[in-house]
Amino acid sequence: MERIKRRELFRRAGWGLGALAVSQMLPRLSMPGRAYAQATGTLTYGMAGGFDTLDVTATTFTRVGRIGLHLVDPLVWQTQPGQFAPGLATSWTASPDATSYTFKLRSDVRFHDGTPLTAEAVKVTFDRIVDPETKSQTAFSFIGPYDRTEVVDPYTVRVRFKSPYAAFLDGASTPYLGIISPAALTKYGKDFGPVVFVGSGPFILQSYHADAEVALIRNPNYTWASRIFQHNGAPYLQRLVYRIIPEDATRLATLETGETLFIEDVPTSDYRRLRGARNFTLLEIPQAGSGWSMMMNQQRPPTSEVAVRRAIMHGIDGAGLAKTVWDGVFKPACSPLTPNMFGFDSNTCKATAYNPDLAKRLLDEAGWRPGPDGIRTKDGQRLRLEFFLQPPTKNQEMAAFVQASLKPIGIEVNLNVVARAAYLDAVRSGRHHLQFWWETGTDPGGILRILFHSSNAGGGTNRNNYKNQEMDRLIDQIDATADPQKRTELVVRAQQKVIDDAVMAYLADPPSLYAHARTVQNVWVDWGGNYPYFYDTRIGG
Amino acid sequence: MHTLIPASATSDPRARLRPSSLRSPWGDVLVQLARSRGAVTGGIILAVLLVAAVGAPLLTPYDSLSMRPEERLQPPNRAHLFGTDVFGRDLWTRVLYGSRISLRTGVISITLAVALGVPLGLTSGYYGGSVDRLLMRLVDLMLTFPGILLALVIIAILGPNLLNAMLAVGISASPTYARVVRASVLGAREQVYVDAARAIGCRDGRIMVRHILPNTVAPIIVLGTLGVAGAIISAAALSYLGLGAQPPTPEWGALLSEGRNYLRVAWWMTAFPGLAIMIAVLAINLLGDGLRDALDPRLRP
Amino acid sequence: MLQYLVKRAILAVPTMLAVSGLVFLVLYLVPGDPAAIFIGDRPATPERLAQIRHVMGLDRPLLSQYADYLRKLGRGDLGRSIHTNASVHSELLSRVGSSAELAAAAFAVATALGLGLGLVSALRRGTWVDAGAMLVALGGVSMPIFWLASMLIFVFSLKLGWFPATGFGGWNRLVLPSLALGFISSATLARLVRSSVLDILGQPYVTTARSKGLREPAVIRRHVMRNALVSIITVMGLQFGTLLSGAVITETVFARPGVGKLLVDAILNKDIPLVQGAVLFVAVVYIVVNLLVDISYAYLDPRIRYQ
């Protein structure tokens, strides 16, 4: 034991020295002239943070989807809310009850390792997502009530669900259900994802340095682009490099120095400054999903009282919050769905409007009387709420605003800023009154299920702990309804229901903010605003 | 084991021979201190800061927390000496109130470090043998981690807030004090007056407190003063990473953290808290240096 | 000497085991289920949570988990991160290069600045040179590093465009972070050098050397520096360890991967195998650096010999 241990010790000590030597010999990446100018045809992307794995079918990060969309091809593309175009699948049909989907696949697609795409690959990819060993996160929620996949013939595949699942095409259009190479899975085992990743997309993984950068190189054999794009064949860019730069100020600086050509998450404070800049283009795309909102725990008094919840809903100055915290770039929110979502109900904006007088009246009527310090009390109980949140600065700024907004109507908010582990512990066990939520996605049913379905209450994502049979039924119906007209009606009814019950308070709808050098042309971004796609992109000038 | 302060401060031959306070050695020190230009400058700046911290409400018409969105992000002007932040709060007021928090944080952290480190070092040095080995092994384990990393680890476990930041900074600084005290104790333990005390039947506790502890006072004062400066920086660093003081607390590091997203649109949000930290820490360091010179006869001219 | 090295290495083993055992225990005492943290804000049924817990190996008794860990460690296997599925070995390896590079460069900056400032101010004691050098050094200890780092980026990347603001690989990406980190840690060193040199200048053997007619540079080199180096190297050794794993803030501002950041993230995620691996790495660095410091004593001071 001791001997081996010591050897290990020396080996690991050797690493440090070895790494030191290696790092000194690293290739000089610099170019003559301005020391860090870009090689032609390389687009460097400033990414706002690190992530867990490159495996899109396992990750929990939208960022991995952003990279992964270049490495895999989805079965279908979503061009408009509910409108789909061919991807790897040339055509598809859904059973009337939305429990099975049949896809016809292209026959000319090859993975980066040279193996052909077949129906079997679809089966292997999907089966692997539901295997607990994969610990799949986002993909696991997109694959819904998955039952099994049947290989009908080498290029026809049928996906079956245990219950109706009308949102499957939406899921299949995300990078997370992109198809991966079964041969590579067998070959690399557990290193598939953390080290390598093999799909069939327009770019091939060249290198991955955790917490630092992911480099992709173009796939010269790519001839199976969807017809929604401007060209077919290999991408114009030679390389696509994602650099991880978490500090907002630093990331922005890299765009201005030319170290990056494209950045995500432009800080709203700098948004205005950049809008006038001659060298940059700003992309502002309303983000689909549910925006920033606040969940109110119904299992814990006093937020168990509908009057208190309604007072909070009307007591927060959404426009002020959007202006103060988000520099007026975000828009005040009305509903659990953002306005660009399928079935968004614009009447909700009236129903949830800021009205401090109404808020005070509601509390008065419910028997909450202002005490000597302005904070209300009822039966000796103080109207004091515990707000649990995690450290990022913007969370704290929003929470501080909420706190200041509710004070004048007589509600005291205590901020508990805690680290991730303690935060999850508190909100899962329901020790909170208030907590933030932010969600992005393009399917209204999926969003509503996460927020309001009773199966997600009691420790899951429904931290309102809202349990309502009618609501459950509505959500299940939305999932089972493919007809657009009927689906819209159901989604509208669900929104009205949660506003009648004052389940949550809706704060701000964020746009996705990207900025890039003016020389970068033709960036495609999905309508949900989450996935900038560089297949058609050229760097000009 | 050498520490960040010269070994000479821990083995002052005069301090060692001084049985207890036969005559006040502190008068000497004060005279020395008054002669040091740096120490006087540091002392004056620090005094001004302390007065400002205590008298904060008198020095500003504003409240440090109340928000006025209509006055947000104003550059420094006559109404707002240091400008305003995103919520329209007056930055001069925030920095002023922040001095209360930051200075207190520094002092409390180091008091904690001393309270933990001194008994540890005293016990370890006085008893020696296996007690010493065990305690020093513990200290070694803690020293394995760089101070800021240890503090980050403690915060990651305890959760981010100002109290835990003070605990983390205090705990991670304590091994240094244990070491320095131990070194002084090792020197003092063998002295004749300690033997004498033991011979007349003094208990261990009394010997430690009455006869050995005074020997460690000089190095602790020097190290502690410089430590307060370091603790202010460490606490600010933790706040900067979002792991220390939480908004709306105007701790200086938290102010910097709030301002870092606005570096390009509101330079004043980072410049003034940054300067405040620098001036305070500089003053404390100057005073600490002066103290060290005064308490360390070998460096006297 | 070899015998001494072997002995020290063997002595390090219990320390490492103690560190690892302590970390394991602490992580388990801290509230928070790693599987729940992993799931985070994703929907998951209780059955799903139980499955994840099983896959992560968290449903077994504590002791058997630890015994398993030690057994693997004995084979040189550090396990896999429960978050990324990557081997801890490769997670560490991918950060060590960047951390080592930064530490080495910052160390060089700190040493050059620290020795220079300290020596100059000691030799010109009481003059304005002394005051100026010490003020610079004081500035270094007094400045919050994240502030200095942001200012450096602002001036040298944005305004002047001399160096890139971020990333690693290539000397030009190393300049700003190593300046920031090096300047801050040079301050401690400069102050120490000054006091050690002053201390030694007052020693009789220096007077003797001077009265022998030895020229001043030779006195400084042969007598003063050689004797001052023992305490200087001790501090520099400690500094190197700090630079290697304690540069979390510098790494954050300049967007560099690093061991310190890895460890902090791993703790926040309660990624036990990764925390264990990173902690062992930090401990090994500390032990190796201390060993190198001790060995250097023997070269500097002929009276010290290791048996």
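Everything numeric in this text was worked out from a predicted model, so none of it was measured.

### Some points on the pattern of salt bridges
Piece 1. For the structure shown, the criterion picks out 44 salt bridges over all chains.
Piece 2. Asp248 of chain A is the salt-bridge partner of Arg251 of chain A, the closest N and O atoms lying 2.7 Å from each other. Linking Arg251 of chain A with Asp248 of chain A, this pair stays in helix H7 (residues 248-257), spanning three residues, or about one helical turn.
Piece 3. With a relative accessible area of 0%, Arg251 of chain A lands in the buried category.
Piece 4. In this structure, the salt-bridge partner of Glu258 of chain B is Arg94 of chain B, at a minimum N-O distance of 3.1 Å. Residue Glu258 of chain B is located in helix H11 (residues 252-259), and its partner Arg94 of chain B is located in helix H5 (residues 91-127); the two are separated by 164 residues in the primary sequence.
Piece 5. Looking at Arg94 of chain B, the relative accessible area reads 0%, which means it is buried.
Piece 6. Linked through salt bridges whose partners overlap, the residues forming this network are Asp147, Arg148, Glu150, Arg158 and Arg160 of chain A.

### Remarks on the domain arrangement of chain C
Residue and element names in this part refer to chain C.
Piece 1. When its domains are assigned, chain C resolves into domain 1 (19-74) and domain 2 (88-300).
Piece 2. Computed from C-alpha atoms alone, the centre-to-centre distance between domain 1 and domain 2 is 37 Å.
Piece 3. Taken together, the contacts link 14 residues of domain 1 with nine residues of domain 2.
Piece 4. Taking both sides of the interface into account, the surface hidden between domain 1 and domain 2 amounts to around 1,100 Å²; carbon and sulfur atoms contribute 75%.
Piece 5. Among the residues domain 1 hides against domain 2, the three largest losses belong to Leu27, Ile37 and Tyr69. Together they make up 45% of the total.
Piece 6. Our enumeration of links across domain 1 and domain 2 arrives at zero salt bridges.
Piece 7. Between the two partners, domain 1 and domain 2, sit one residue pair in polar contact (both at pLDDT 80 or more).
Piece 8. Sorting the residues of the side of domain 1 that touches domain 2 by element identifies helix H1 (2-29), helix H2 (34-39) and helix H4 (62-74) as the ones contributing at least two each.

### With respect to the UniProt feature "transmembrane region" (unreviewed entry) in chain C
Residue and element names in this part refer to chain C.
Piece 1. When the UniProt feature table is mapped onto this chain numbering, "transmembrane region" (unreviewed entry) sits at residues 9-30, 102-123, 135-162, 174-193, 228-254 and 274-300.
Piece 2. Across residues 9-30, helical content stands at 95% and strand content at 0%; the span's end C-alpha atoms are separated by 32 Å.
Piece 3. Summarising residues 102-123: 100% helix, 0% strand, and an end-to-end C-alpha distance of 31 Å.

### Observations regarding the interface of chain C and chain A
Frequently, the measure chosen for interface size is the accessible area removed from exposure when the parts meet.
Piece 1. Taken together, the contact pairs 66 residues of chain C with 63 residues of chain A.
Piece 2. A combined buried area of about 6,000 Å² lies between chain C and chain A, and 61% of that area is made up of carbon and sulfur atoms.
Piece 3. Summed over the three residues of chain C that lose the most area to chain A, namely Asp41, Arg42 and Arg48 of chain C, the buried surface amounts to 11% of that side.
Piece 4. Where chain C touches chain A, the interface holds four salt bridges.
Piece 5. A salt bridge links Asp191 of chain A to Arg80 of chain C; its shortest N-O distance comes to 3.3 Å.
Piece 6. Viewed at the interface, chain A and chain C are joined by 14 residue pairs in polar contact (both at pLDDT 80 or more).
Piece 7. It is helix H5 (residues 88-123) of chain C that contributes the most residues to the side of chain C that touches chain A, eleven residues altogether.
Piece 8. Residues that form the side of chain C that touches chain A fall into these classes: 38 nonpolar, 19 polar and nine charged.

### Observations regarding the interface of chain B and chain C
Piece 1. Facing the 40 residues of chain B at the interface are 46 residues of chain C.
Piece 2. For the chain B and chain C pair, buried surface summed over both sides reaches about 3,800 Å², with 76% attributable to carbon and sulfur atoms.
Piece 3. Where chain B packs against chain C, one counts one salt bridge.
Piece 4. Ionic pairing is found between Arg191 of chain C and Asp289 of chain B, a salt bridge with its closest N-O pair at 2.9 Å.
Piece 5. For the interface between chain B and chain C, the tally reads two residue pairs in polar contact (both at pLDDT 80 or more).
Piece 6. The leading source of residues in the side of chain B that touches chain C is helix H12 (residues 268-295) of chain B, at eleven residues.
Piece 7. Split by residue class, the side of chain B that touches chain C holds 29 nonpolar, six polar and five charged.

So, how was this worked out
For every chain, the first residue of the written sequence is number 1, and numbering continues from 1 along that sequence. To read the labels, note that chains go from A and ligands from 1, taken in the order they are written. Where totals are concerned, whole chains, interfaces and linings use all residues; where local detail is concerned, this predicted model gives features only for residues with pLDDT of at least 70, and gives and counts side-chain atom pairs only at 80 or more. For side-chain calculations, the full set of non-hydrogen atoms in the structure is used, while hydrogens and water are omitted. The rule for a salt bridge is simple: a side-chain nitrogen of Lys or Arg has to be within 4 Å of a carboxyl oxygen of Asp or Glu. Numbering of helices and strands runs from the N terminus, with a helix taken as a DSSP run of H or I at least four residues long and a strand as a DSSP run of E at least two residues long. Any residue under 20% of the maximum accessible area for its type is buried, any over 50% is exposed, and the rest in between are partly exposed; the area is computed with a 1.4 Å probe on protein chains only. Where each domain begins and ends is defined by an automated method or by a domain database. Contact between two residues is taken to exist if any of their heavy atoms lie within 4.5 Å; hydrogens are not considered. Defined here as a combined quantity, buried area equals the accessible surface (1.4 Å probe) lost by two parts on assembly, summed across both. What qualifies as a polar contact is a pair of N or O atoms within 3.5 Å, subject to a donor-acceptor requirement within protein and to the restriction that residues adjacent in sequence count only when both atoms come from side chains. UniProt positions are given in the numbering used here, feature names are shortened, and annotations may be inferred rather than shown by experiment. The residue classification treats Ala, Val, Leu, Ile, Met, Phe, Trp, Tyr, Cys and Pro as nonpolar and Asp, Glu, Lys and Arg as charged. All others, Gly included, are polar.

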